[in-house]
Amino acid sequence: MKIAICDNEKILVDKLVSMLEDYLYDHSYEATYETFNSYEDVKERIEEFDLFLLDHNMNDDLINPEDSDLMTGMEFAKLIR
């Protein structure tokens, strides 16, 4: 299994990675993951991943969340689907 983790807050990515690694270890499950800080970084690679852990409020921390080029987590989830 290959997992994509996408969040623009590094502290949250680090926490999620730690939790994921603990879970994989505790359950003897093998998986790989990559982290991303924007949806644009993962957008062209959707087919490579089996599971996506997304920040649904990615635009909340941005200066101009009304920017039409920015995608919310829910919009990105629809794109994946």
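Above this note sits the structure.
The model shown is predicted, which means the values in this text are computed figures rather than measured ones. (Residues numbered from 1 in each chain as written. Predicted model: local features only at pLDDT ≥ 70, side-chain atom pairs only at ≥ 80, totals over all residues. Heavy atoms only, no water.)

## Structural notes on the side chain of D55
Inference 1: The topology assignment puts D55 in the loop between β3 (51-54) and α3 (73-80).
Inference 2: Within the buried set, D55 has no salt-bridge partner at all; the shortest N-O distance to an opposite charge, 14 Å, is to K10.
Inference 3: Not counting the four nearest positions on each side in its chain, D55 is found in contact with C6, D7, N8, Y39 and G73. (Helix = DSSP H or I, 4+ residues; strand = E, 2+ residues; numbered from the N terminus. Buried < 20%, exposed > 50% of the residue type's maximum accessible area, 1.4 Å probe, protein only. Lys, Arg positive; Asp, Glu negative; His and termini not counted. Salt bridge = Lys/Arg side-chain N within 4 Å of Asp/Glu carboxyl O. Contact = heavy atoms within 4.5 Å.)

## Overview of the packing of aromatic side chains
Inference 1: Inspection of the entire model under this criterion finds 3 aromatic pairs.
Inference 2: Centre to centre, the rings of Y39 and F76 are 4.7 Å apart; their planes meet at 15°, and the pair counts as stacked. Residue Y39 is found in helix α2 (residues 39-43), and its partner F76 is found in helix α3; the two are separated by 37 residues along the sequence.
Inference 3: Accessibility expressed as a relative area gives 4% for Y39, which makes it buried.
Inference 4: Classification of F76 by relative accessible area gives buried; the value is 0%.
Inference 5: Each residue in the set F36, F49 and F52 is aromatic and connected to the rest through ring pairs, giving one cluster.
Inference 6: Against the face of F49 rests K2, its NZ or CZ located 5.1 Å from the ring centre. (Phe/Tyr/Trp six-rings, centres within 6.5 Å; stacked < 30°, edge-to-face > 60°. Lys NZ or Arg CZ within 6 Å of the ring centre and 35° of its normal.)

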